[in-house]
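Residue-level structure breakdown
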Amino acid sequence: MSWGRARPQAAGSSLAAALVLVLVVALSSLGGRGCYAAAGEDEEQPVDYREALAKSLLYFEAQRSGRLPYNQRVTWRGHSGLTDGLQQGVDLVGGYYDAGDHVKFGLPMAFTVTMLSWGAIEFGADIAAAGEWHHALEAIKWGTDYFVKAHTEPFVYWAEVGDGDTDHYCWQRPEDMTTSRQAYRVDKDNPGSDLAGETAAALAAASIVFRRSNPHYSHLLLHHAQQLFEFGDRYRGSYDSSIEEVRSYYASVSGYHDELLWAALWLHRATGRDDYLRYAVDKADSFGGVGWAMTEFSWDVKYAGLQVLAAKLLLDGEPQAAEHRSVLEQYREKAEHYLCACLGRNNGSNVDRSPGGMLYVRQWNNLQYASSAAFLLTTYSRYLSGSGDRLLRCPDGPAAPGELLALARSQADYILGRNPRRLSYMVGYGRRFPVRVHHRGASIVSHKEDNRFIGCMQGFDDWFGRGRSNPNVLAGAIVGGPNCRDEFRDDRGNYMQTEACTYNTAPMVAVFARLHRLTTAAGVEANASDFSPEECRRQDAALRLSAECR
């Protein structure tokens, strides 16, 4: 079972066609370093990024807690957690289950929504072009509605509903839950700066997404974001020091400094206020923003993400950036350390790769790191392409934007089945995908087909241990994935590899949307073997993204 996610410490059409050409050529050059098995070496079907995008957003409907809406598309799910918060006298109905269990963990839920929102901000036109904008907004709003509920007072935030220990001793459908729904909070006396900071970041980012379509709601989200940031900054402390029950599942190993910087930069982007930027600048050194050179980006460790956000200010030539240029350059240096490490050009301090080309950080749920890397690579590629400084500065040689996008695509394609096992790690996509996903609701017959109550241990006896496929397909879920040797065992008990998490899929929404838009605009993919790396760089040097593309 998933004693969760705790882990060891760790510090215009022609223009679009040109970008796709660069992307494919860069795949060829990366292949020489063992990054990717070239498409010509297998006989797999072309990758359908639009389908992957649509199923990614569908997955979030399967993870919903609370009273489901009339337009719920995942029909094997039903209402659940309808008394959440009742014991404490608050309404905590709603939100998302993080993975294959039924605890609502605040920190990974907030990171999930931050990533969905960031993707919608940067690649909203691409999501809309695929016809998925409405579904993206629904996925974000399901989370932000819950965050607003959970923020019951300026300096009170409800961090968790359910207890991981009792929850993991039961195997039940969410509709049948009999486990504890105890709720836990952070407040002035029991601080949680990391949780408050991440939730502030999610709400600030979401406020940008809803600014045009729902300005009143956007204002509400921003109000809560600002209050939560003030709460996290004024009463400092890690939430796992205040809530013992979370330590075995989502311990904040990186501390809270990264989340406060992350929140400040998102609030600056949402408001334009210089005081938030000055906060990130003044505390850049003491909070590790320009000190930590990272090789991961995750629900716990936000440094690479916030460093990319800070670097954007320089690349965009923001007027406010000029005053703080020296510090922002340090942020950019650290952002590019991460990106160069992913590319394998960081003077030996690189992110590992499996023989099949998967970026590899650690054994447990490794695809979360590959998906978050793919997002930052895709996003920074766009930032570079829209700036005057169009090269990523790496110790082992510069990289053009197309090369970043190529590596992001290689990770997306790996997830979607272009890997040594020819297995899609997105459930419901492709001809072969995991069918024994570690997920309570998917592994038990839907209550709509059989509404007889299934007890805590009955679920283990009748459903968990059986070797057959899950009766319900958890479409769009990206599982933990293979190990460093590309090995994977499709077993319900193999939770390290077969459990899916919301933060695995959330970053890939934007990546799939971008790749779909580019490949559709190009009409046809070039054969990577027809071009050399030098030709790739010449094409990339000539490329200028139009305002429409950006």
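Model, not experiment: these values are computed from the prediction.

A few points about the state of the cysteines
Following the criterion strictly, the structure yields 2 disulfides and no others. Covalent S-S linkage joins Cys-340 and Cys-394, the inter-sulfur distance amounting to 2.0 Å. Classification of the bridge connecting Cys-340 and Cys-394 rests on its S-S torsion, roughly -85 degrees, and on that basis the disulfide is left-handed. Placement of the pair is Cys-340 in helix H14 (residues 325-343) and Cys-394 in the loop between helix H15 (367-385) and helix H16 (401-415), with a sequence separation of 54 residues. Of the two residues examined, Cys-340 and Cys-394, each falls in the buried class. Here the disulfide map of the protein chain reads 1-4, 2-3, the bonded cysteines being numbered as they appear in the sequence. Not engaged in a disulfide, the cysteine Cys-342 finds its nearest cysteine sulfur in Cys-340; these two sulfurs lie 9.2 Å apart.

Let's talk about the environment of Cys-342
Here Cys-342 shows up in helix H14. Residue class for Cys-342 comes out buried when judged on its relative accessible area of 1%. Each C-alpha atom, one on Cys-342 and one on Ala-373, is 7.5 Å from the other, the two residues being 31 residues apart in sequence. Beyond its immediate sequence surroundings of up to four residues, Cys-342 is in contact with Val-351, Arg-353, Leu-359, Ala-373, Leu-377 and Leu-407.

Concerning the environment of Tyr-303
On the secondary structure map, Tyr-303 appears in helix H12 (residues 303-315). A sequence separation of 44 residues divides Tyr-303 from Glu-259, and the C-alpha atoms of the two residues are 8.3 Å apart. Ignoring anything within four residues of it in the chain, the contact list for Tyr-303 reads His-257, Asp-258, Leu-261, Phe-287, Gly-288, Gly-289, Trp-292 and Met-294.

Some remarks on the nonpolar core
Core analysis: the biggest nonpolar cluster contains 163 residues, and Trp-118, Tyr-331, Tyr-380 and Leu-392 have the highest contact counts within it. Beyond its immediate sequence surroundings of up to four residues, Tyr-380 is in contact with Val-308, Ala-311, Leu-315, Arg-332, Glu-336, Leu-339, Leu-392 and Leu-404. Ile-444, Val-445, Ile-454 and Phe-464 belong to the second largest nonpolar core, which has 7 residues in total.

Considering the packing of helix H4 (residues 133-150) against helix H7 (residues 215-234)
Taken N-terminus to C-terminus, the directions of H4 and H7 make an angle of 50 degrees; their axes are 10 Å apart at the nearest point. As summarised for this structure, H4 and H7 are arranged oblique, according to the angle between their axes. Considering only the axes of H4 and H7, their crossing is left-handed. Here Lys-141, Thr-144, Asp-145 and Val-148 of H4 come into contact with H7, specifically with Tyr-217, Leu-220, Leu-221 and His-224.

Comments concerning the sheet that holds strand E1 (residues 104-105)
A sheet is described by the order of its strands in space; here 3 strands give the open sequence E1-E2-E3, paired in antiparallel fashion. Looking along the sheet, the strands with just one partner apiece sit at the ends: E1 and strand E3 (183-186).

Notes on the pairing of strand E2 (residues 157-161)
The buried count for E2 comes to 5 of 5 residues, which makes it a mostly enclosed element. Note that E1 and E2 share 2 bridges and pair antiparallel. Opposite Phe-105, over in E2, you have Glu-160 as the bridge partner. Bridge count for E2 against E3 is 4 bridges, and the pairing is antiparallel. Considered in E3, the bridge of Val-161 is made with Ala-183.

Re the confidence of the model for the protein chain
The pLDDT averaged across the protein chain works out to 88; a share of 87% of its residues lies at or above 70. Segment residues 524-550 is flagged for pLDDT under 50; beyond a separation of four residues in sequence, or across chains, it makes 47 contacts in the model.

Observations regarding the pattern of salt bridges
Pairing is possible between side chains that carry opposite charge, provided their charged atoms lie close to one another. This model, assessed by the stated rule, comprises 33 salt bridges. Close ionic contact of Lys-55 with Glu-51 constitutes a salt bridge, the shortest N to O distance being 2.7 Å. Taken together, the positions of Lys-55 and Glu-51, both in helix H2 (residues 49-62) and 4 residues apart, correspond to about one turn of that helix. For Glu-51, a relative accessible area of 27% puts it in the partly exposed group. Linking Lys-302 and Glu-198 is a salt bridge whose minimum nitrogen-to-oxygen distance equals 2.6 Å. Here Lys-302 is found in the loop between helix H11 (274-282) and H12, whereas its partner Glu-198 is found in helix H6 (residues 193-209), with 104 residues between them in sequence. On the basis of relative accessible area, Lys-302 is assigned to the buried category, the value being 0%. Assessed through its relative accessible area of 0%, Glu-198 is described here as buried. Salt bridges here are not isolated pairs; linked through shared partners, they connect Arg-325, Glu-329, Arg-332, Glu-336 and Arg-393.

Observations regarding the side chain of Gln-63
By the element assignment, Gln-63 lies in the loop between H2 and E1. Those residues in contact with Gln-63 that sit more than four places away from it in its chain are Arg-77, Gly-95, Tyr-96, Tyr-97, Asp-98, Ala-99, His-439, Leu-474 and Thr-502.

A few points about H14
Under the 1.5 Å per step criterion, the end-to-end length of H14 is 26 Å for 19 residues, consistent within 8% with the ideal 27 Å. Of all the 19 residues making up H14, 14 are buried; the element is thus mostly covered by neighbouring parts of the structure. Trailing H14 by a residue or two, Gly-344 shows a phi angle of about 80 degrees, which is positive.

Brief notes about H11
What H11 keeps buried is the set Tyr-276, Leu-277, Tyr-279, Ala-280 and Val-281. On its buried side, H11 packs onto H7, helix H10 (257-271), H12, helix H13 (319-323) and H14.

A short note on the packing of aromatic side chains
Counted according to the given criterion, the structure contains 28 aromatic pairs. A centroid spacing of 5.8 Å and a plane angle of 35 degrees characterise the contact between Phe-155 and Phe-231, whose relative ring orientation is tilted. One end of the pair, Phe-155, is in the loop between H4 and E2; the other, Phe-231, is in helix H7, with 76 residues separating them in the sequence. For Phe-155, a relative accessible area of 17% translates into the label buried. Its relative accessible area of 1% is what places Phe-231 among the buried residues. Here the aromatic cluster, defined as three or more aromatic residues joined through ring pairs, consists of Phe-111, Trp-118, Trp-262, Trp-266, Phe-297 and Phe-375. The positively charged end of Arg-64 is found above the aromatic ring belonging to Trp-142, 4.5 Å away from the centroid. Positioned above the aromatic ring of Phe-123 is the side chain of Arg-382, whose terminal nitrogen or guanidinium carbon lies 5.7 Å from the ring centre.

What counts and what doesn't
- Residues numbered from 1 in each chain as written.
- Predicted model: local features only at pLDDT ≥ 70, side-chain atom pairs only at ≥ 80, totals over all residues.
- Heavy atoms only, no water.
- Disulfide = S-S within 2.5 Å.
- Helix = DSSP H or I, 4+ residues; strand = E, 2+ residues; numbered from the N terminus.
- Buried < 20%, exposed > 50% of the residue type's maximum accessible area, 1.4 Å probe, protein only.
- Contact = heavy atoms within 4.5 Å.
- Core = buried A, V, L, I, M, F, W, Y, C linked by side-chain atoms within 4.5 Å.
- Axes fitted to C-alpha atoms, helices over the stretch in contact; angles between N-to-C directions.
- Parallel < 35°, antiparallel > 145°, perpendicular 65-115°, else oblique.
- Left-handed = near helix turned anticlockwise from the far one by under 90°.
- Pairing = 2+ DSSP bridges.
- pLDDT = per-residue confidence, 0-100.
- Salt bridge = Lys/Arg side-chain N within 4 Å of Asp/Glu carboxyl O.
- Expected span 1.5 Å × (residues − 1).
- Phe/Tyr/Trp six-rings, centres within 6.5 Å; stacked < 30°, edge-to-face > 60°.
- Lys NZ or Arg CZ within 6 Å of the ring centre and 35° of its normal.

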